[in-house]
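# Chain and residue survey
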Amino acid sequence: MLQRLCVRAGKLPQAQHLAAVRLALDGHCEVSPLTTPWSLQRDIESWRVDGLLLSRWSMSAARHERSKALADSGGNDWLLLRMLQHGRQALCIEDRHHVTATTDTLLLTDWSLPWACNSSDCDLITIGIPRSRLPASKLLNRKIPALSWERSSAEGTQLAAMVELLWHQLPNLDAASAHGIALGLVGFLDGLLGNHPLLLRAQYANTSRLAAMKSLLNERLRDPELGVATLCEHFGCSRATVYRLFERDGGVAAFILQQRLQRCLRELTSGPWPAEASLEALARRWHIGGASRLERLFATHYGLSAGTVVAARLAAEAAPGGSTSLQFQHADAINRAISEGSGFCPEGPNQDLPAPAVSVR
């Protein structure tokens, strides 16, 4: 059975766009605007095909966060493949793994771990895949919770072509044809996972010390002297060992900076923001220097201005909350049906209903 769900952006007042997305993603991740005015750039369209959840999202810059509390609440039996058509996304998974999705890559992530995704204005296709459909997904875990392929590589070119073929043909496919194409996509992706050298090496790599080091750094981010020497002293190891362990993260200093930027962005999008607060004070509190350096780093890492993020937050807080559109009245039923695999199907193929929440970005 093919099931199509669509949120008609053009039929909603722009002031309700953010509320619509938040409602569709309620219980799965929190959404904070990173620019103003905030809007959907096109309809949100989702298809359920042979157990897969395919969605097309096009929206203004936002921060999507699946906290530990949300991850612990369930709905974790998914892997998410994302393919950006426009924009950039910077993800921090379990507060220690930093990965980036661009138009040059395809990114597969483990939905079960807490994560935060900071996105510029973007247009992307996502595919939610049940873990049970990918036997090799057992290799994707806390050691390596994300994997990417360059779209210019042989693997990436083939995978991107299969995603685009399935997406563009969906309106014209019957259930049997869609089933065959979906099987081919899942089988190819499982083959990529099962033979990926990074995942195979990770089975034998001892990453417990690296995880402990990252946890220590996270606990001491307010320490202005935090660095390689801190780790050497605490863990009784050489600088060469620390350099080797953090090689994939770009070094200790790069990891610390990314973590501090995450804390800054979190403060800007949630929690109290007093009227007397300033970007200068925020930057100094997290040892990033001053407001001008914070702005440069935000532009480099997120493609955003910190000042714009503050303005977006204030605008969202000032806007009236909630959406009154009747087209979202079945959101709970749809999300429940998807999580239970009950085969819920709306009346008619084009009824306007919210996209499956698990299929985000």
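Up top you'll find the structure we're talking about.
Residues numbered from 1 in each chain as written. Predicted model: local features only at pLDDT ≥ 70, side-chain atom pairs only at ≥ 80, totals over all residues. Heavy atoms only, no water.

### Description of the overall build of the protein
In plain terms, the rule: Only DSSP runs of H or I covering at least 4 residues are called helices, and only runs of E covering at least 2 are called strands; the numbering of each starts at the N terminus. Relative accessibility decides the category of a residue: with a 1.4 Å probe and only protein chains considered, values under 20% of the type maximum give buried, values over 50% give exposed, and everything between is partly exposed. We call two residues in contact when some of their heavy atoms are within 4.5 Å. What sets the accessible areas is the Shrake-Rupley method with a 1.4 Å probe; for residues, cover comes only from the shown protein chains.
The helix and strand tally for the protein stands at 13 helices and 12 strands. Counting all 361 residues of the protein, 53% fall into the buried class. For the protein, the share of sequence-separated contacts (at least 6 apart) that also reach a separation of at least 24 residues comes to 74%. Summed over all atoms, the accessible surface of the protein reaches about 15,600 Å², with 52% contributed by carbon and sulfur.

### Re the pairing of strand 10 (residues 115–119)
Keep this limit in mind: In this analysis, strands are considered paired if DSSP registers two or more bridges between them.
Across the 5 residues of strand 10, 5 count as buried, placing the element largely inside the fold. The alternating pattern of strand 10 places Trp 115, Cys 117 and Ser 119 and Ala 116 and Asn 118 on opposite faces, both of which are buried. Taken together, the 5 bridges between strand 5 (residues 62–66) and strand 10 define a ladder with antiparallel strand orientation. Counted as the bridge partner of His 64 is Cys 117 from strand 10.

### Observations concerning the packing of helix 6 (residues 208–219) against helix 9 (residues 252–269)
Spelled out, the test is: What counts as an axis is a line fitted to C-alpha atoms, over the stretch in contact for a helix, and the angles between N-to-C directions run from 0 to 180 degrees. Note on angle classes: values under 35 degrees are labelled roughly parallel, values over 145 roughly antiparallel, values of 65 to 115 roughly perpendicular, and the remainder oblique. Crossings are assigned a handedness: left-handed for a near helix turned anticlockwise from the far helix by less than a right angle, right-handed for a clockwise turn. Three categories are distinguished: nonpolar for Ala, Val, Leu, Ile, Met, Phe, Trp, Tyr, Cys and Pro, charged for Asp, Glu, Lys and Arg, and polar for the others, with Gly belonging to the last.
One can describe the packing of helix 6 onto helix 9 by two numbers: an axis separation of 10 Å at closest approach and a directional angle of 50 degrees. Taken together, the axis directions place helix 6 and helix 9 in an arrangement best described as oblique. Crossing of helix 6 over helix 9 shows right-handed handedness. Taken together, the residues of helix 9 that come into contact with helix 6 (itself represented by Lys 214, Leu 217 and Asn 218) are Val 252, Phe 255, Ile 256, Gln 259 and Arg 263. Of the residues contributing to the contact of helix 6 with helix 9, the split by class is 4 nonpolar, 2 polar and 2 charged.

### Comments concerning the packing of aromatic side chains
Selection criterion: Aromatic rings from Phe, Tyr and Trp, taking only the six-membered ring of Trp, are treated as a pair when their centres fall within 6.5 Å; an angle between ring planes under 30 degrees marks them as stacked, one over 60 as edge-to-face, and anything in between as tilted. For a lysine, the NZ atom is tested; for an arginine, the CZ atom; a charge sits over a ring if that atom is within 6 Å of the ring centre and within 35 degrees of the ring normal.
Here the structure, examined in full by the defined rule, presents 3 aromatic pairs. The positively charged end of Arg 222 is found above the aromatic ring belonging to Trp 286, 4.1 Å away from the centroid.

### Some remarks on the environment of Ala 306
Relative to the helices and strands, Ala 306 resides in helix 12 (residues 306–318). Judged by its relative accessible area of 0%, Ala 306 is buried. When the C-alpha positions of Ala 306 and Arg 296 are compared, they lie 9.1 Å apart, and in sequence the two are 10 residues distant. Not counting residues up to four positions away in its chain, the partners in contact with Ala 306 are Leu 268, Leu 279, Leu 294, Glu 295 and Phe 298.

### Some details on the side chain of Asn 118
Let me state the cut-off plainly: A 3.5 Å cut-off defines polar contacts: any pair of N or O atoms within that distance qualifies, except that in protein one atom must be a possible hydrogen donor and the other a possible acceptor, and neighbouring residues in sequence count only when both atoms are side-chain atoms.
Tracing the backbone through its elements, the reader meets Asn 118 in strand 10. A residue is classified by how much of its surface remains accessible, and Asn 118, at 1% relative accessible area, is buried. In terms of polar contacts, Asn 118 uses its side chain to reach the side chain of Arg 63, at 2.7 Å.

### Brief notes about the sheet that holds strand 2 (residues 30–33)
As summarised here, the arrangement of the 5 strands in space is 2-5-10-7-8, forming an open sheet in which the pairing is antiparallel. In this open sheet, the two strands that pair with only one neighbour each are strand 2 and strand 8 (97–101). Put simply, the sheet's adjacent strands are angled 15 degrees from each other on average, direction ignored. Along the sheet, helix 9 contacts strand 2, strand 5, strand 7 (89–93), strand 8 and strand 10; its crossing angle with strand 5, the most-contacted strand, is approximately 100 degrees.

### A few points about the sheet that holds strand 4 (residues 52–59)
The 7 strands lie next to each other as 1-3-4-11-6-9-12, forming an open sheet whose pairing is antiparallel. Only two strands of the sheet have a single partner each, and these edge strands are strand 1 (2–7) and strand 12 (146–150). Each strand axis lies, on average, 15 degrees off the axis of its neighbour in the sheet, ignoring direction. Across 8 bridges, strand 6 (residues 78–86) lies against strand 11 (residues 122–130) in antiparallel orientation. Following the sheet pairing, His 86 is matched in strand 11 by Asp 123. Relative to the sheet, helix 4 (residues 175–194) contacts strand 1, strand 3 (44–49), strand 4, strand 9 (105–110), strand 11 and strand 12, its axis offset from that of strand 12 by approximately 100 degrees.

### Quick look at the side chain of Gln 259
Note on placement: Gln 259 falls in helix 9. Residues in contact with Gln 259, not counting those within four places in the same chain, are Cys 92, Asp 95, Arg 96, His 98, Asn 218 and Leu 221.

### Observations concerning helix 6
Stated formally: A helix is expected to reach a length of 1.5 Å times the quantity of its residues less one.
With 12 residues, helix 6 extends 17 Å between its outermost C-alpha atoms, agreeing within 8% with the 16 Å of an ideal straight helix rising 1.5 Å per residue. Regarding helix 6, the residues found buried are Leu 210, Met 213, Lys 214, Leu 216, Leu 217 and Asn 218. Looking at the buried side of helix 6, the elements it contacts are strand 8, helix 7 (228–235), helix 8 (239–245) and helix 9.

### Considerations on the pattern of salt bridges
Cut-off, in case you're wondering: Every case where a carboxyl oxygen of Asp or Glu lies within 4 Å of a side-chain nitrogen of Lys or Arg is listed as a salt bridge.
One pass over the structure, following the stated rule, counts 14 salt bridges. Among the salt bridges present, the one from Arg 8 reaches Asp 43, with a minimum N-O distance of 3.0 Å. Of this pair, Arg 8 sits in the loop between strand 1 and helix 1 (17–24) while Asp 43 sits in the loop between strand 2 and strand 3, placing them 35 residues apart in sequence. By relative accessible area, which is 22% here, Arg 8 ends up partly exposed. Residues joined in a network through salt bridges with shared partners are Arg 63, Glu 65 and Arg 266.

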